[in-house]
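Here are the chains, one letter per residue:
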Amino acid sequence: MVLGHFGVGLGAKKFAPKLSLGTLFIAVQWADLLWPVLLLLNIEKVNLQPGNPKFPLDFVYYPVTHSLLMGIVWGAVFALIYWLIKKDKRGAIILGICVVSHWLLDLIVHAPDLPLVPGDSPKLGLGLWNNPLATAIVEGLIFTAGLVLYLKATRARNNTGKWSLWLLVILLVVNQVAGALSPMPSSAHAIGWAAQYQWIFVFLGYWVDRNRTAQ
């Protein structure tokens, strides 16, 4: 799941208006922002499956980023750091929930490859990726709901605040479509390098939010 995660980030602004959209995007995407770095460091592993168009990636080993236990740990770390800096309890709680939400949304679409804990652990996944149309509908609904909440929670300060949000939305949708249609990467390390582009959406989130105000 990709677009759905960003939908959660957008919607969370409604419940924690002091949090920047960029920070929320880091939280909801933390697992996928850290994962390519650990691929490049050979700490986590993924195998390519060219013969399987529905699941072209076999997530062999990614307990640091995609186990439920570590998701909770990362969520607690995010919440604690934010609270120590901002002393905003509500924002800290929402930020922690956003981090953990990544595992919960991945549970819907992934094959049974999401571990509960690092090490020898049962692996879960409902496998919605087997049905691309259903996946697109679910992700689209989550994203749309999040966008509606964000629009209700903020208003544009200026013209940049108006068009930059829709630029972000268009780029996120294009990213979703491109991900579904793009050719198979050549290696796990190629995925690790290519996935760094996700930080663009974080930077755009900060930019958009600076030009909008909570209402």
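Bear in mind that the values here come from a model prediction, so they are computed numbers and not experimental data.

Q: Help me understand empty space enclosed by the protein in this model?
A: Taking a probe equal in size to a water molecule and rolling it over the atoms shows the remaining empty space. Summed over the entire model, instances satisfying the criterion amount to one cavity of 30 Å³ or more. Put simply, the largest cavity is a space of about 80 Å³. Taken together, Ala27, Trp30, Ala31, Thr65, His66, Ser67, Gly71, Trp74, Val99, Val100, His102 and Trp103 form the lining of the largest cavity. Elements with a minimum of two residues in the lining of the largest cavity: helix 3 (30-40), helix 4 (63-66), helix 5 (68-86) and helix 6 (89-109). Looking at the lining of the largest cavity, the element that brings in the most residues is helix 6, giving four residues. Split into classes, the residues belonging to the lining of the largest cavity amount to seven nonpolar, five polar and no charged.

Q: How do you make sense of the packing of aromatic side chains when you look at a structure like this?
A: Geometry of an aromatic ring pair is reported as the spacing of the ring centres plus the angle between the planes. Evaluation of the coordinates by the stated rule reveals eight aromatic pairs. Both rings, one in Phe6 and one in Phe201, keep their centres 5.5 Å apart while their planes meet at 65°; by these two values the pair is edge-to-face. Within this pair, whereas Phe6 is found in helix 1 (residues 3-12), its partner Phe201 is found in helix 10 (residues 199-210), the two being separated by 195 residues in sequence. A single burial state applies to Phe6 and to Phe201, both of which are buried. Taking the centre distance of 5.5 Å and the plane angle of 70° together, the rings of Trp30 and Trp74 count as edge-to-face. Pair noted here: Trp30 is in helix 3 and Trp74 is in helix 5, with a separation of 44 residues, a long-range link. Taken together, the ring pairs in this structure connect Phe6, Phe25, Tyr197 and Phe201 into an aromatic cluster. Above the plane of the ring of Trp83 lies Lys87, whose end atom (NZ or CZ) is 5.1 Å from the centre.

Q: How do you make sense of helix 5 when you look at a structure like this?
A: Count 3.6 residues to each turn of an α-helix, and residues three or four apart come out pointing the same way. Taking 1.5 Å per residue, 19 residues should reach 27 Å; helix 5 reaches 27 Å between its end C-alpha atoms and fits that length. Taken together, the buried positions of helix 5 are Gly71, Gly75, Phe78, Ala79 and Tyr82. In a view along the axis of helix 5, the buried residues occupy a sector of 95°, so they form one face of it. One or two positions beyond helix 5, positive phi appears at Lys87, with a value near 55°.

Q: It is not clear to me how the side chain of His66 should be interpreted in this structure. Could you clarify?
A: Here His66 lies in helix 4. Given a relative accessible area of 3%, His66 falls into the buried group. One polar contact links His66 to Asp106, side chain to side chain, over a distance of 3.5 Å. With residues near it in sequence (within four places) discarded, His66 still touches Ala31, Asp32, Trp35, His102, Trp103, Asp106, Leu114 and Pro115.

Q: Honestly, the pattern of salt bridges in this entry has me stumped. Any pointers?
A: Pairs may arise between side chains of opposite charge once their charged atoms sit close together. Taken as a whole, this structure holds one salt bridge when the rule is applied. For Asp209, the salt bridge identified is with Lys13, shortest N-O distance 2.6 Å. Highlighted residues: Asp209 in helix 10 and Lys13 in the loop between helix 1 and helix 2 (21-28), separated in sequence by 196 residues. Judged by its relative accessible area of 5%, Lys13 falls in the buried class.

Definitions and limits used
- Residues numbered from 1 in each chain as written.
- Predicted model: local features only at pLDDT ≥ 70, side-chain atom pairs only at ≥ 80, totals over all residues.
- Heavy atoms only, no water.
- 1 Å grid on protein atoms, 1.4 Å probe; cavity = no way out; pocket = protein on both sides within 12 Å on 5 of 7 lines; lining within 4 Å.
- Points joined across faces, edges and corners; volume = space filled by probe spheres on them.
- Helix = DSSP H or I, 4+ residues; strand = E, 2+ residues; numbered from the N terminus.
- Nonpolar A, V, L, I, M, F, W, Y, C, P; charged D, E, K, R; others polar.
- Phe/Tyr/Trp six-rings, centres within 6.5 Å; stacked < 30°, edge-to-face > 60°.
- Buried < 20%, exposed > 50% of the residue type's maximum accessible area, 1.4 Å probe, protein only.
- Lys NZ or Arg CZ within 6 Å of the ring centre and 35° of its normal.
- Expected span 1.5 Å × (residues − 1).
- Arc of directions from axis to C-beta.
- Polar contact = N/O pair within 3.5 Å; in protein donor to acceptor, adjacent residues only side chain to side chain.
- Contact = heavy atoms within 4.5 Å.
- Salt bridge = Lys/Arg side-chain N within 4 Å of Asp/Glu carboxyl O.

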